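An overview of the molecular structure
Each chain, letter by letter, is given below.
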Amino acid sequence: PWPISKSSLKIWPIYAGSYPPKLRHMMRLQSFRPWKPTLAAAAWAVVTAGVGGALTTIGPWYHDLTKPVGQPPDWAFGPAWTLIFTLTAIAGVWAWRDSETARQRRRIIAAFILNGVLTAGWSGLFFTLQRPDWGRIEFVFLWLSVAWMMWVVAPYSRRAMLILIPYLLWVGYA
């Protein structure tokens, strides 16, 4: 790659389409507001967790359910989901920052929004409506949405894809 300096900016025409891709990427980074995707990802995590938590009411009906062998203890769910939402928000920020076009970012946002809706929706089906049978059906779509998030972010940020693995495993296990 050719060296990029302030003096090299002077030899290129004013319109952005004529700049080499590496220079265009650097120009975007200079005008980039790093707090915006971080704030958006944190808001996504808090809203998704809040809605899911509000839809989760554990009562006698839940305690009377026959639970699968090896299900994590009830106390593990809070810390696990806190970690999962934190890692998912970080993955979203990393993928956003490493993507280059508005189209790529829209795909990332769509994947995370769909996953948030399905995550909260599962709590609504399972806990609020007390329909574990519907929850089992929705679980398939939830798991696929996590896999899709991983697939969407992988081309832009391998590390973002890797830190979503615990989410995929947790949804499949718990």
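What comes next is a walk through the structure. Quick caveat, the model's predicted, so the values are computed rather than measured. (Residues numbered from 1 in each chain as written. Predicted model: local features only at pLDDT ≥ 70, side-chain atom pairs only at ≥ 80, totals over all residues. Heavy atoms only, no water.)

**Some remarks on the overall build of the protein chain**
- Looking only at helices and strands, one finds nine helices and zero strands in the protein chain.
- Counted from the first residue to the last, the protein chain has its helices and strands arranged as α-α-α-α-α-α-α-α-α.
- Taking all 174 residues of the protein chain together, the buried fraction comes to 36%.
- Taking contacts inside the protein chain between residues at least 6 apart in sequence as the whole, the part at least 24 apart equals 67%.
- When the accessible surface of the protein chain is split by element, carbon and sulfur atoms take 71% of a total near 10800 Å². (Helix = DSSP H or I, 4+ residues; strand = E, 2+ residues; numbered from the N terminus. Buried < 20%, exposed > 50% of the residue type's maximum accessible area, 1.4 Å probe, protein only. Contact = heavy atoms within 4.5 Å. Areas by Shrake-Rupley, 256 points an atom, 1.4 Å probe, with all protein chains shown as cover.)

**A look at the packing of aromatic side chains**
- Under the criterion given, the structure shown has 13 aromatic pairs.
- With a centroid separation of 6.3 Å and an interplanar angle of 65°, the aromatic rings of W61 and F127 are classed as edge-to-face. Remark: F127 occurs in helix α6 (residues 102-128) and W61 occurs in helix α4 (residues 60-63); sequence separation between them is 66 residues.
- Note on W61: relative accessible area 18%, which makes it buried. (Phe/Tyr/Trp six-rings, centres within 6.5 Å; stacked < 30°, edge-to-face > 60°.)

**Regarding the side chain of T48**
- With respect to the element layout, T48 can be found in helix α3 (residues 35-54).
- Given a relative accessible area of 7%, T48 falls into the buried group.
- For T48, the residues in contact, after removing those within four places along its chain, are F85, G116, T119 and A120.

**Considering the nonpolar core**
- Counting 31 residues, the largest nonpolar core has I108, F112, M149, V153, L164 and Y167 as the members making the most contacts within it.
- Elements with a contribution of two residues or more to this core: α3, α5 (74-98), α6, α7 (132-153), α8 (158-162) and α9 (165-173).
- For this core, the leading source of residues is α5, giving nine residues.
- Residues contacting M149, with those up to four places away along its chain left out, are T88, A111, F112, N115, L164 and Y167. (Core = buried A, V, L, I, M, F, W, Y, C linked by side-chain atoms within 4.5 Å.)

**Regarding the pattern of salt bridges**
- Under the criterion given, the structure shown has one salt bridge.
- Salt-bridge contacts for R131 lead to D133; the nearest nitrogen and oxygen are separated by 2.6 Å. (Salt bridge = Lys/Arg side-chain N within 4 Å of Asp/Glu carboxyl O.)

**Observations regarding the packing of α3 against α6**
- Relative to each other, α3 and α6 sit at 20°, their axes nearing to 8 Å. Classified by the angle their axes make, α3 and α6 are roughly parallel. As for the relative orientation of α3 and α6, their crossing is right-handed in sense. Of α6, the residues touching α3 (which contributes W44, T48, V51 and G52) are F112, I113, N115, G116, T119, A120 and S123. (Axes fitted to C-alpha atoms, helices over the stretch in contact; angles between N-to-C directions. Parallel < 35°, antiparallel > 145°, perpendicular 65-115°, else oblique. Left-handed = near helix turned anticlockwise from the far one by under 90°.)

**Structural notes on a nonpolar patch on the surface**
- Judged by side-chain polarity, L129, W134, I137, V140, F141, W143 and L144 come together as a nonpolar surface patch covering roughly 690 Å² of accessible area.
- Of the residues examined, W143 reaches a relative accessible area of 32% and is grouped as partly exposed. (Patch = residues over 30% accessible without salt bridge, like charges linked within 9 Å, V, L, I, M, F, W, Y side chains within 5 Å.)

**Describing the environment of L164**
- By the secondary structure assignment, L164 is in the loop between α8 and α9.
- Expressed as a C-alpha distance, the spacing of L164 and V153, which sit 11 residues apart in the sequence, is 9.7 Å.
- When sequence neighbours within four positions are dropped, the list of residues in contact with L164 reads T88, A91, V146, M149, M150 and V153.

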